[in-house]
Amino acid sequence: MISYEFLTTQKIEEALNYLDKFSKVHILAGGTDLLVNLYKESPRLPDFDYLLDISNIPELKIINSINKFIEIGPLVTHSRLINEPLIKNNFPVLMEAAYTIGSTQIRNRGTIGGNIVNASPAADLLPPLIALRAEVELTSRKGKRVLPLEEFLAGPYKTKLQANELLTKIKIPLLSDNYYTDFQKIGRRKALSIARLSLALVTKIDEEGIFQDTRVVPGSATPYPQSLPVTEEAINGISIFQINLEEIGKITSNEMVSITGERWSTPYKKPTIAVLIKRALERIIKEAKTNE
Ligand SMILES: Cc1cc2nc3c(=O)[nH]c(=O)nc-3n(C[C@H](O)[C@H](O)[C@H](O)COP(=O)(O)OP(=O)(O)OC[C@H]3O[C@@H](n4cnc5c(N)ncnc54)[C@H](O)[C@@H]3O)c2cc1C
């Protein structure tokens, strides 16, 4: 059995003091990943002497619009992401992804910060957040640093969070006009399914109907969520009236396999990722044509 001391606080400052003062502290937010790992005594759990419960810190639950960014506190739950007008109106792709997570109970308890720091290859919020060019603010007693989320992820279940740091904010730049977004997910079953394969697409379509600034980020497809630059470049500059979706599907499949190599799951994932990018593009093209 893992034994530890329990710490709790309602203030960021005090949480940072604990992280500074004690050397083996593990942070607890909603607990939906952590408590499962504790129960299973998972080898993924780091060695720790203290569990620091941050779930009662009000400052970490805020959602704000500041200087062309939406700032989201790490304790914002998936249910809040679904119901919050600032998210619904600006980043429907994030809302759609949150909606597919677990069950109502898991969505009420699980947080955006926990989903990010747990850094599962199947974490549903990571593809849309990377595609939206989200940044993470990391705070310690020594100060703050801000990293692009894609850079913060360091591998499957690994991030660049230091032992004395707390994730204190997720910052997402607002999209200008003419951006379209979509999230696709295929799971083993509808409720409670961890993503078998997902894909977030964010792209601009200009007045002439040309794709620009395309971002394609699959989930559960690569060792950890990351952009597919070859696919993005293949889409950029093409007209919505001329794009060859079959061709783009093949490019996406090949790019995924170039990252992962051939695996036992490749015969399933290779054609399926092509279907997801085609579906996402079809939905966006339809929406853009309606807006013409
Ligand atoms: C039945 C079930 C179904 C699930 N379904 C899905 C699903 O469909 N899709 C999906 O993506 N996930 C799913 N999950 C996983 C989980 O619910 C999410 O990843 C959730 O967002 C984790 O958030 P949490 O607040 O519970 O994190 P916790 O379990 O509290 O913490 C997770 C990790 O993040 C660290 N951490 C948390 N907050 C901070 C912070 N502010 N600063 C530094 N470190 C921090 C913790 O130390 C820990 O290492 C499921 C889990 C269960 C049990």
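Keep in mind the model is a prediction, meaning the values are calculated, not measured. (Residues numbered from 1 in each chain as written. Predicted model: local features only at pLDDT ≥ 70, side-chain atom pairs only at ≥ 80, totals over all residues. Heavy atoms only, no water.)

All told, the structure shown has three aromatic pairs when counted by the stated rule. Taking 6.2 Å as the distance between ring centres and 20° as the angle between the ring planes, the aromatic pair formed by Tyr-18 and Phe-22 counts as stacked. Here Tyr-18 and Phe-22 have matching classes, each one buried. When the ring of Phe-22 is compared with that of Tyr-50, the centres are 4.2 Å apart and the planes differ by 25°; the resulting orientation is stacked. Here Phe-22 is found in the loop between helix 1 (12–21) and strand 2 (25–28), whereas its partner Tyr-50 is found in strand 3 (residues 50–53), with 28 residues between them in sequence. Pair check on accessibility: Phe-22 and Tyr-50 agree, each one buried. Within the aromatic cluster, the residues linked to one another by ring pairs are Tyr-18, Phe-22 and Tyr-50. Taking the ring centre of Tyr-157 as reference, the NZ or CZ of Arg-44 above it sits at 3.7 Å. Positioned above the aromatic ring of Phe-69, the side-chain terminus of Lys-171 is 5.3 Å from the ring centre. (Phe/Tyr/Trp six-rings, centres within 6.5 Å; stacked < 30°, edge-to-face > 60°. Buried < 20%, exposed > 50% of the residue type's maximum accessible area, 1.4 Å probe, protein only. Helix = DSSP H or I, 4+ residues; strand = E, 2+ residues; numbered from the N terminus. Lys NZ or Arg CZ within 6 Å of the ring centre and 35° of its normal.)

The next point concerns the sheet that holds strand 2. Pairing within the open sheet is parallel, and its three strands lie in the order 1-3-2. On the outer flanks of this sheet lie strand 1 (5–8) and strand 2, each paired with one strand and no other. When the angles between neighbouring strand axes are averaged without regard to direction, this sheet yields 30°. Note that strand 1 and strand 3 share four bridges and pair parallel. Each residue of the ladder has a partner; that of Thr-8, found in strand 3, is Asp-53. (Pairing = 2+ DSSP bridges. Axes fitted to C-alpha atoms, helices over the stretch in contact; angles between N-to-C directions.)

Taken domain by domain, the chain holds domain 1 (5–53), domain 2 (63–173) and domain 3 (179–290). When domain 2 packs against domain 3, close to 1900 Å² is buried across both sides, 61% of that on carbon and sulfur atoms. Taken as a group, Pro-121, Pro-127 and Ala-131 account for 25% of the area that domain 2 buries against domain 3, more than any other trio of residues on that side. Linking domain 2 with domain 3 are three salt bridges. (Domains from an automatic or database assignment. Buried area = accessible area lost by both parts, 1.4 Å probe. Salt bridge = Lys/Arg side-chain N within 4 Å of Asp/Glu carboxyl O.)

With that out of the way, let us pick up the pairing of strand 6 (residues 135–140). Of all six residues making up strand 6, five are buried, and the element is well covered by its neighbours. The pairing of strand 6 with strand 7 (residues 143–148) spans six bridges and is antiparallel. Bridge pairing links Glu-137 to Val-146 in strand 7. Where strand 6 folds back onto strand 7 in an antiparallel hairpin, the turn is made up of two residues. Where strand 6 meets strand 10 (residues 166–173), five bridges bridge the pair, whose relative direction is antiparallel. Each bridged residue has a counterpart across the sheet, and for Leu-138 the counterpart in strand 10 is Leu-167.

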